[in-house]
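Here is how the chains run, residue by residue.
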Amino acid sequence: CGCGKPTWNKQWNETCSKSCPGPGIPGPAGAVAPGPAAAVPFLAPAAPGGAPPGGGQCGCGKPTWNGQWREYCLKTCHGPRRKAPGDHSSFICALDPTSSEYQQIAQQFQASWNKGKMGAGIAIPTIKDIWDVVDDNLRSRFMTRVGQIGNCAVYGHGTNPGNVQRRFHGTKMECKFAGSICVDATCSVCGIIQTGFQMKYAVKGKTPSALFFGRGLYSTSASSSAVRFAKVKAAVVGAVFVTLVACGKAEVLEGSDLTDTSLEDSDGPPSGFHSRVVNHPHDAQSYQNLQKQFGTPLLFCDDEVIVFDDADMLPKYLITFV
């Protein structure tokens, strides 16, 4: 803020509080300036392919000022901006809660909450927004990867090439995400939107280990499990990504069969496979050891999916909570 204090949402061009006259300070070259006129530099808004000439809707639900998508109803409205139906180009925007896309994701989140009836440990949070956050460069990298994997046996609702599954990944968030990337380098949500999931953060040697089933990128089919990594005590302070995961040929293990800790911090993928799936991971010895040390297990869920390359997992949507 112009008064010298941090801004209220850790973003440039804002003030520290509503009562502070500021002024807001623009960020350095290349930084994102939030607000109605802001665009995200690394997701330059391309012209929506096939978008209708009119009928654009602001994120507040009103028609946009010029009838076009990706606009606001008024300059003073903070939106968020929305894409036209069928526009899948690179651009952060909130999904329309009445759209089938939004409804499908919300339904998957709700249906997979504590689906194994093993105890989520927290109440299901209320969804605030669902954001389309996919980046064209990350999407292109992912599509190249699934092409390399090729067609293989598909599980459930997965698709080929690559046996692609839609899974959840919870993480911490340092800002009040509202469609713009924040300037806090420790904000995992904004970092993942920009650069995707990265193996370099799967660090070995932590005590206790967070890599129970190998050094990789983790996701789960259970929304309740993902949320446990986005909370502090009973408060959900982070967010949950809906990811596309290139599982390929998966090594499938049962937690109850993992009676030692030999997979902890191990490098993958396992020989002959592209990924590893652990069903009922809380039954594994690694989680049993954690329970003895800290009490309540960190995770009750149906499964964990582990992949071993940055290109194997694509952040597609971001779910934020009230």
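On a predicted model such as this, the values are computed, not experimentally measured, just so you know. (Residues numbered from 1 in each chain as written. Predicted model: local features only at pLDDT ≥ 70, side-chain atom pairs only at ≥ 80, totals over all residues. Heavy atoms only, no water.)

**Student:** Could you give me a rundown of the environment of Trp113, with the residues and numbers involved?
**Tutor:** Position of Trp113 relative to the elements: it lies in the loop between α1 (100–111) and β2 (127–132). Here Trp113 falls in the buried class, since its relative accessible area comes to 12%. Between the C-alpha atom of Trp113 and that of Cys301, which follows or precedes it by 188 residues, the distance is 9.2 Å. (Helix = DSSP H or I, 4+ residues; strand = E, 2+ residues; numbered from the N terminus. Buried < 20%, exposed > 50% of the residue type's maximum accessible area, 1.4 Å probe, protein only.)

**Student:** So what's going on with the sheet that holds strand β8 (residues 250–254)? Residues and values would help.
**Tutor:** The four strands are arranged β4-β10-β9-β8 in an open sheet whose pairing can be described as mixed. What marks the edges here is a single partner per strand, and that holds for β4 (217–219) and β8. Averaged over all neighbouring strand pairs, the angle between strand axes comes to 20 degrees, with direction disregarded. Note that β4 and strand β10 (residues 303–307) share three bridges and pair antiparallel. (Pairing = 2+ DSSP bridges. Axes fitted to C-alpha atoms, helices over the stretch in contact; angles between N-to-C directions.)

**Student:** Run through the pattern of salt bridges, naming residues and quoting values.
**Tutor:** Side chains that carry opposite charge are capable of pairing whenever their charged atoms lie near each other. Evaluation of the coordinates by the stated rule reveals five salt bridges. Ionic pairing is found between Lys316 and Asp132, a salt bridge with its closest N-O pair at 3.7 Å. Of this pair, Lys316 sits in strand β11 (residues 313–321) while Asp132 sits in strand β2; the two residues are 184 residues apart in sequence, bridging distant segments of the chain. Across the pair Asp136 and Arg139 runs a salt bridge whose closest N-O atoms are separated by 3.0 Å. Residue Asp136 and its partner Arg139 are located together in helix α2 (residues 136–149), separated by three residues, close to a single helical turn. (Salt bridge = Lys/Arg side-chain N within 4 Å of Asp/Glu carboxyl O.)

**Student:** A description of the nonpolar core should follow, citing residues and the corresponding values.
**Tutor:** Ranked by size, the top nonpolar core spans 26 residues in total, and within it Phe177, Val189, Ile193, Phe241 and Leu318 carry the most contacts. Among the elements that line this core, the one with the most residues is helix α3 (residues 188–195), at four residues. Leave out the neighbours within four places in its chain, and Leu318 touches Asp129, Ile130, Trp131, Val133, Phe177, Val189, Ile193, Ala239, Val240 and Phe241. With 17 residues, the next largest nonpolar core counts Phe109, Ile130, Phe168 and Val242 among its residues. (Core = buried A, V, L, I, M, F, W, Y, C linked by side-chain atoms within 4.5 Å. Contact = heavy atoms within 4.5 Å.)

**Student:** Mind laying out the environment of Phe177, listing which residues take part and the relevant values?
**Tutor:** As for its position among the elements, Phe177 is in the loop between β3 (164–171) and α3. Judged by relative accessible area, which is 5%, Phe177 ranks as buried. A C-alpha to C-alpha distance of 8.5 Å links Phe177 and Val189, two positions 12 residues apart in sequence. When neighbours within four sequence positions are excluded, Phe177 is seen to be in contact with Ile92, Trp131, Cys190, Ile193 and Leu318.

**Student:** Report on unusual backbone geometry, specifying residues and quantitative values.
**Tutor:** Excluding glycine, a negative phi dihedral is what most residues carry, and trans is how most peptide bonds are arranged. With an omega of 0 degrees, the peptide bond between Asn160 and Pro161 qualifies as cis. For Pro161, the position within the fold is in the loop between α2 and β3. The linkage connecting Gly268 with the following residue, Pro269, adopts the cis geometry, with an omega of 0 degrees. Note on placement: Pro269 falls in the loop between β8 and β9 (275–279).

**Student:** Give a detailed account of the pairing of β9, specifying residues and quantitative values.
**Tutor:** The element β9 is extensively covered by neighbouring structure, given that five of its five residues are classed as buried. Sheet analysis places β8 next to β9, joined by five bridges and oriented parallel. Counterpart to Val252 in the pairing with β9 is Val277.

**Student:** Outline α3, supporting the account with residue identities and numerical values.
**Tutor:** What α3 keeps buried is the set Val189, Cys190, Ile192 and Ile193. Projected down its long axis, α3 shows its buried positions confined to an angular sector of 160 degrees, all on one face. The elements touched by buried residues of α3 are α2, β3, β7 (239–246) and β11. (Arc of directions from axis to C-beta.)

**Student:** Can you explain the packing of aromatic side chains? Please cite residues and give values.
**Tutor:** Under the defined criterion, the tally for this structure stands at eight aromatic pairs. Relative to Trp113, the ring of Phe109 has its centre 6.0 Å away and its plane inclined at 40 degrees; by these criteria the two rings are tilted. By the burial criterion, Phe109 is buried, and Trp113 matches it. Aromatic pair Phe212 and Phe213: ring centres 6.3 Å apart, planes at 75 degrees, arrangement edge-to-face. Just as Phe212 is buried, Phe213 falls in that class too. Chaining the aromatic ring pairs together yields one cluster made of Phe109, Trp113, Phe168 and Phe321. Geometry around Phe273 places Lys249 over its ring, the cationic atom sitting 5.2 Å from the centre. (Phe/Tyr/Trp six-rings, centres within 6.5 Å; stacked < 30°, edge-to-face > 60°. Lys NZ or Arg CZ within 6 Å of the ring centre and 35° of its normal.)

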